[in-house]
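# Per-entry structural report
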Amino acid sequence: QVQLVESGGGLVQAGGSLRLSCTASGRTFSSATMGWFRQAPGKEREFITAISADGFSTYYSDSVEGRFTISRDNAKNMVYLQMNSRKPEDTAAYYCATPRTGGGGSLITARYDVWGQGTQVIVSS
């Protein structure tokens, strides 16, 4: 069974940077598509970025493109979300996710059905 654990959340001032980490276990990590989602209070969960198993393909939503960077270290079974130029509207719970089947097709239409518990990020103005 695949398990995901996020870490690195916290309080950051607007304009600052923060890096989230997600540790995966229970499956061959290097063959899995990975994604990050976020959910702000009172809003629906938003798909913000994803990375292919080999790390060569990435996707970013318009809301984070140019400010956030997703990366992965398959040797460590970890995926990262580097968040720069933070804005108050980035305040949310952040979740990493992966398809139970591992994915392998489109990063956008993959069925992300395995989730971590989330890590809270608060951006103060």
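The structure under discussion appears in the preceding block.
Below: a short report on this structure. (Residues numbered from 1 in each chain as written. Predicted model: local features only at pLDDT ≥ 70, side-chain atom pairs only at ≥ 80, totals over all residues. Heavy atoms only, no water.)

This part is about the sheet that holds strand β8 (residues 78-83). Pairing within the open sheet is antiparallel, and its four strands lie in the order β1-β3-β8-β7. A strand with exactly one partner marks an edge of an open sheet, and here the two such strands are β1 (3-7) and β7 (68-73). Neighbour to neighbour, the strand axes of the sheet diverge by 15 degrees on average, direction disregarded. In this structure, β1 lies alongside strand β3 (residues 18-25), joined through five bridges in antiparallel fashion. Along β3, the bridge assignment pairs V5 with T23. (Pairing = 2+ DSSP bridges. Helix = DSSP H or I, 4+ residues; strand = E, 2+ residues; numbered from the N terminus. Axes fitted to C-alpha atoms, helices over the stretch in contact; angles between N-to-C directions.)

Let us look at the side chain of S21. Structurally, S21 can be placed in strand β3. What makes S21 buried here is its relative accessible area of 10%. The residues touching S21, leaving out its near neighbours within four places in the chain, are V5, E6, S7, W36, M78, V79 and Y80. (Buried < 20%, exposed > 50% of the residue type's maximum accessible area, 1.4 Å probe, protein only. Contact = heavy atoms within 4.5 Å.)

Okay, the state of the cysteines next. Summed over the entire model, instances satisfying the criterion amount to one disulfide. Here C22 pairs with C96 through a disulfide, and the sulfurs are 1.9 Å apart. What sets the handedness of the C22 and C96 disulfide is the S-S torsion sign, and at about 50 degrees it is right-handed. Of this pair, C22 sits in strand β3 while C96 sits in strand β9 (residues 92-98); the two residues are 74 residues apart in sequence, bridging distant segments of the chain. Judged on exposure class, the residue C22 and its partner C96 are both buried. (Disulfide = S-S within 2.5 Å.)

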